Amino acid sequence: MYEADSFFTLTVWGQIGLFGVSILFAALALGMTWVMTRHRPIVIRVPIWAVLFICFIWASPQGYYTYYRMIFDDLPAQSVIGDLPPPDVVLSFLTFTGQVSLSAHSVGILGWAMFLVAVWPQRRKCRDAAN
């Protein structure tokens with residue numbers, strides 16, 4: 001399914017670096033989701049997740065482009081951030097019906113992981129009975 005994916009055009013070290021950058025971005029996205037949604041009602045957590053996921057889809061290409069500039073000498077310094085993704089693009093990531101690539105499917109998996117972090121039941125701190 002992924003035989004022609006651009007990931008496989010990179011050197012082994014390029015692939016390792018890209019994997020590392022992806023893990024870092026995923027950890028940051030999941031951490032931000034957790035921080036922004038904890039101790040909030042579920043009706044607030046779902047819209048926060050949606051905004052964070054859309055922002056990830058919108059802004060992460062710049063981070064990946066910065067990584068590619070480090071491994072490819074001839075890439076110019078430029079912004080690759082475009083307009084916010086329309087709802088059908090966001091849904092195509094979450095339903096895995098868009099582009100067939102490691103990147104697109106990884107974004108879809110990350111979106112669902114962010115959703116689980118956002119909606120996971122959260123324990124409230126117990127108040128001390130002596131108060």
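Residues numbered from 1 in each chain as written. Predicted model: local features only at pLDDT ≥ 70, side-chain atom pairs only at ≥ 80, totals over all residues. Heavy atoms only, no water.

Visitor: What is the right way to look at the environment of V107 in this model?
Guide: Take V107: it is sitting in helix α4 (residues 102-119). Relative accessible area serves as the criterion here: at 13%, V107 is assigned to the buried category. Considered as a pair, V107 and L94 are 13 residues apart in the sequence and their alpha carbons are 7.9 Å apart. When neighbours within four sequence positions are excluded, V107 is seen to be in contact with F53, F56, I57 and F93. (Helix = DSSP H or I, 4+ residues; strand = E, 2+ residues; numbered from the N terminus. Buried < 20%, exposed > 50% of the residue type's maximum accessible area, 1.4 Å probe, protein only. Contact = heavy atoms within 4.5 Å.)

Visitor: How should I be thinking about the packing of aromatic side chains in this particular structure?
Guide: For any pair of aromatic rings, geometry is given as the distance between the ring centres together with the angle between the planes. A full pass over the atoms with the stated rule returns 7 aromatic pairs. On the basis of an interplanar angle of 75° and a centroid distance of 5.0 Å, the ring pair of W49 and F115 is categorised as edge-to-face. Separated by 66 residues along the polypeptide, W49 in helix α2 (residues 42-71) and F115 in helix α4 bring together distant segments of the chain. Aromatic rings pair up to connect W49, F53, W112 and F115 into one cluster. (Phe/Tyr/Trp six-rings, centres within 6.5 Å; stacked < 30°, edge-to-face > 60°.)

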